[in-house]
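Geometric and topological summary
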Amino acid sequence: MGIVIKTETNSAQNSYFDEVGRVFVSDKGIFKDNYNKRPFKLHHTLCQSGLFEIPEIIKTARRVIGSGIASDYLALDLRKESISSSFTEATQQDRLTEVIERLGEGGSWIRLSRTQDYNPDYARVLDMLIDEIGANADRPFRKEVTWATLTVILTSPGISTPFHIDHESNFLFQIQGEKDVCLFDPQDREVLPEVELERFYASSFNTPRYKPELQGHGRIYRLTPGEVVHHPPTAPHWVKNGNNISVSLSISFCMRSLEQRARVYQANFMLRQLRLKPRPPGTSPKRDAFKARLVSALEMSDPKTFQDIVYSPMLRLKSSMQALKVFSRH
């Protein structure tokens, strides 16, 4: 079954949904030819909605915090970090709503995840996007999606987001302020070697290493309000905010085909630990299918979160290995 999103709402912004009626302003041919393969930029109408002004975001943030689900919000101090840094090196900040209200004064990077679960209007936007992507890409997109989220990202002036990759298919929408997004070809194995992909899928903390000498392989997109750039799955990228407060939306999708590829990388990671040299995904469909089947046996039967969907086989394997080590000592 495909993903279903509840969109019950009595929103004051109904006029946006009724009158504008679409999010993307794009050439269908460009969209279809490049989607999930290459980065591309297009325009959007979300700036007209009024849904993503700071006061509305603060209301949503209070609901997120009130849920008590810590993984759904994160505030980092990135003043001392650079493109080559890691998210894990940054200091976390408390008092999230105060950080948002003083965003222009600090060096903050704030992420509010799964906002569609806390704001029915955001759920409605996400639902529209799923339908529009399917129509533009000319594919049964809703049936392919296994997990979807609308993430709000707030950034202080001049902040750099470290070089990293994401498992998901992603669209980054600019609402307020300007920023540069540098995207690399996800198939460029100089920038993103197979071994680094295997490590990434073994643990989400194993992000690829930024190689300054290969910066020329990337393309920088300047995003202004009303523009959106597509990040293909595992496309390496970094972001640098302009001299302004930035409000962006990251719309991300896990898909069945992406999870299958992740299982192959996870199998290859384990094979490489045995000092073997596994073939990359795509070189042997039969081997890929066999590897994916083996690793999929470790999946959770009813995944609830992104971590469950992508990393549960490795987490369960690690847990079993730790249990064996404990058992062997007795």
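Basis of the calculations
- Residues numbered from 1 in each chain as written.
- Predicted model: local features only at pLDDT ≥ 70, side-chain atom pairs only at ≥ 80, totals over all residues.
- Heavy atoms only, no water.
- Helix = DSSP H or I, 4+ residues; strand = E, 2+ residues; numbered from the N terminus.
- Polar contact = N/O pair within 3.5 Å; in protein donor to acceptor, adjacent residues only side chain to side chain.
- Contact = heavy atoms within 4.5 Å.
- Axes fitted to C-alpha atoms, helices over the stretch in contact; angles between N-to-C directions.
- Parallel < 35°, antiparallel > 145°, perpendicular 65-115°, else oblique.
- Nonpolar A, V, L, I, M, F, W, Y, C, P; charged D, E, K, R; others polar.
- Buried < 20%, exposed > 50% of the residue type's maximum accessible area, 1.4 Å probe, protein only.
- Pairing = 2+ DSSP bridges.
- Phe/Tyr/Trp six-rings, centres within 6.5 Å; stacked < 30°, edge-to-face > 60°.
- Lys NZ or Arg CZ within 6 Å of the ring centre and 35° of its normal.

The next point concerns the side chain of N34. Structurally, the position occupied by N34 is in helix α2 (residues 28–34). A polar side-chain atom of N34 sits 2.9 Å from a polar atom in the side chain of R38. Not counting residues up to four positions away in its chain, the partners in contact with N34 are F40 and H230.

Below, the discussion takes up the packing of helix α8 (residues 256–273) against helix α9 (residues 285–296). Across the interface, α8 lies against α9 with an axial gap of 8 Å and an inter-helix angle of 85°. The angle between the axes of α8 and α9 places the two elements in the roughly perpendicular class. On the side of α8, the interface is formed by Q260, R263, V264, Q266, A267, N268, M270 and L271, while α9 contributes D288, K291, A292, V295 and S296.

A few words now on the packing of helix α7 (residues 194–202) against α8. Packing of α7 against α8 brings their axes to within 8 Å, and their N-to-C directions diverge by 105°. Relative to α8, α7 is oriented roughly perpendicular. On the side of α7, the interface is formed by E194, V195, L197, E198, R199, Y201 and A202, while α8 contributes R261, A262, Y265, Q266, N268, F269 and R272. By residue class, the composition of the contact of α7 with α8 is seven nonpolar, two polar and five charged.

Burial runs high along strand β8 (residues 169–176): seven of the eight residues are buried. Note: β8 against strand β13 (residues 246–255), seven bridges, orientation antiparallel. Bridging from a neighbouring strand, S169 pairs with F253 of β13.

As a further point, take the sheet that holds strand β10 (residues 219–223). The four strands lie next to each other as β7-β12-β9-β10, forming an open sheet whose pairing is antiparallel. Edge strands, defined here as strands with exactly one partner in the open sheet, are β7 (160–164) and β10. Sheet twist, expressed as the mean angle between neighbouring strand axes with direction ignored, is 15°. Sheet analysis places strand β9 (residues 179–183) next to β10, joined by five bridges and oriented antiparallel. Considered in β10, the bridge of D180 is made with R222.

A few words on the packing of aromatic side chains. Within the structure shown, the criterion is met by 19 aromatic pairs. An angle of 80° between the planes, with centres 6.1 Å apart, marks the rings of Y35 and F141 as edge-to-face. Of this pair, Y35 sits in the loop between α2 and β2 (40–44) while F141 sits in helix α6 (residues 141–144); the two residues are 106 residues apart in sequence, bridging distant segments of the chain. Taken as a pair, Y35 and F141 share a single burial class, namely buried. Between F200 and Y201, the ring centres sit 5.0 Å apart and the planes meet at 75°, which makes this aromatic pair edge-to-face. Like Y201, F200 is buried. Note that R124 overlies the ring of F17, its terminal NZ or CZ placed 4.2 Å from the centroid.

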